[in-house]
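# Inside the fold
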Amino acid sequence: MKITLLILFLIAVIAGGLYVNKNPVKMDLSTLMPFSQITPTVKKKSVGTGEKNLTNPPQACSGTQLPAATEGPYYKSGTPLRKKIDDGISGNKLTLQGYVLDTNCRPVANAWLDFWQADGTGKYDNTGFKLRGHQFTDAEGKYALETIIPGEYPGRTPHVHAKVKARENSPELTVQLFIPGVEKNQNDGIFNKELLMNITESQNGKAGTFNFIINTNL
Ligand code: FE
């Protein structure tokens, strides 16, 4: 009798187990705590999402110097010291910011940057200094530029020219910064995807980020 009851009990347990396996409990994932709240110390490392607060370098950094791009025919030395180069110029606002970093991805304080570009119709100011200006990175290696989205001109996709050097007597690196998603990028021999800015929409036009990686040992 006892053996019969034991066998019946075992059958009931096995059958119950099979029933549970065929009907797994479905979890309501919406009630789970967000991952970010479980691990509040985890920080995003990537740059390029248009964050306004870029005070925690190193940000995105390849560890190798950026590829150079030709200076072109419209560079002028002796530009004004200023971060806002679009005074008196109408166009689609672009606020660009980022860091100058060395190849160990350390910020380079007091680095020199010189920017120049065409206006929204693709024209350069070759008599004055509209849309031209130089500046220096702050103690955190950060720069910021207020300008407009440059226009196309014959043969060229839109671009912002820049020169950067770590110190007064350091070699200059000359690059051109490009805009993601522009069709003409594909047909421009100077275009380089390593020189693409990250651009997002902001309340005041476009917000861009870009880090200049330079070899300070040259
Ligand atoms: Fe140009």
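Cut-off values and rules
- Residues numbered from 1 in each chain as written.
- Predicted model: local features only at pLDDT ≥ 70, side-chain atom pairs only at ≥ 80, totals over all residues.
- Heavy atoms only, no water.
- Helix = DSSP H or I, 4+ residues; strand = E, 2+ residues; numbered from the N terminus.
- Buried < 20%, exposed > 50% of the residue type's maximum accessible area, 1.4 Å probe, protein only.
- Contact = heavy atoms within 4.5 Å.
- Areas by Shrake-Rupley, 256 points an atom, 1.4 Å probe, with all protein chains shown as cover.
- Pairing = 2+ DSSP bridges.
- Axes fitted to C-alpha atoms, helices over the stretch in contact; angles between N-to-C directions.
- Donors = N, O, S within 2.8 Å, 3.2 Å for Na, K, Ca; no water.
- Tetrahedral: all angles 85-135°; square planar, octahedral: opposite > 155°, others 65-115°.
- Polar contact = N/O pair within 3.5 Å; in protein donor to acceptor, adjacent residues only side chain to side chain.

## A look at the overall build of the protein chain
When its secondary structure is counted, the protein chain shows 2 helices and 9 strands. Mapped in sequence order, the helices and strands of the protein chain form the string α-α-β-β-β-β-β-β-β-β-β. Counting only residues that meet the buried cut, the protein chain has 39% of its 218 residues in that class. Contacts in the protein chain between residues at least 24 apart in sequence constitute 73% of all its contacts with a sequence separation of at least 6. Carbon together with sulfur atoms contributes 57% to the accessible area of the protein chain, which is approximately 13100 Å² in total.

## Topic: unusual backbone geometry
Located in the positive-phi region is Cys105, a residue other than glycine, with phi close to 65°. Note that Cys105 resides in the loop between strand E1 (93-102) and strand E2 (112-117). The backbone of Asn110 sits at a positive phi, close to 60°, despite the residue not being glycine. Looking at the element boundaries, Asn110 is found in the loop between E1 and E2.

## Some points on the sheet that holds strand E3 (residues 132-136)
Spatial strand order, E3-E2-E5-E6: 4 strands in an open sheet with antiparallel pairing. Two strands lie at the open edges of the sheet, namely E3 and strand E6 (173-178), each paired on one side alone. On average, each strand axis in the sheet is inclined to that of its neighbour by 20°, with strand direction left out of account. By the bridge criterion, 5 bridges tie E2 to E3 in an arrangement that is antiparallel. Looking at E3, one finds that Leu113 is bridged to Gln135.

## Quick word on the coordination of the iron ion
Octahedral metal centres with six donors ideally show angles of 90 or 180 degrees, and tetrahedral centres with four donors ideally show 109.5 degrees. At the metal site, the iron ion is ligated by Tyr124 (OH), Tyr153 (OH), His159 (NE2) and His161 (NE2), and these contacts range over 1.9 to 2.2 Å. Seen from the iron ion, its 4 donor atoms lie at angles of 90 to 158°, and the figure they make is irregular. Spacing between the donor residues of the iron ion along the chain follows Y-x28-Y-x5-H-x1-H. Here His161 lies in strand E5 (residues 159-165) and Tyr124 lies in the loop between E2 and E3, a separation of 37 residues in the sequence. Each member of the pair Tyr124 and His161 is classed as buried.

## Details of the side chain of Thr174
Turning to its location among the elements, Thr174 is positioned in strand E6. We classify Thr174 as buried; its relative accessible area is 12%. For Thr174, the side chain forms a polar contact with the side chain of Lys163, separated by 3.0 Å. Ignoring anything within four residues of it in the chain, the contact list for Thr174 reads Ala68, Ala69, Thr70, Glu71, Trp116, Ala162 and Lys163.

## Topic: the environment of Gln65
Along the chain, Gln65 falls in the loop between helix H2 (35-38) and E1. Those residues in contact with Gln65 that lie beyond four places of it in its chain are Thr103, Leu173, Ile213, Ile214, Asn215 and Leu218.

## Quick look at the pairing of E1
Of all 10 residues in E1, 8 are buried, a share of seventy percent or more. Summarising the sheet, E1 and strand E8 (residues 205-209) pair through 4 bridges and their orientation is parallel. In the strand pairing of E8, Leu94 is matched with Lys206. Bridge count between E1 and strand E9 (residues 212-214): 3 bridges; the pairing is parallel. Looking across to E9, one finds that Asp102 is bridged to Ile214.

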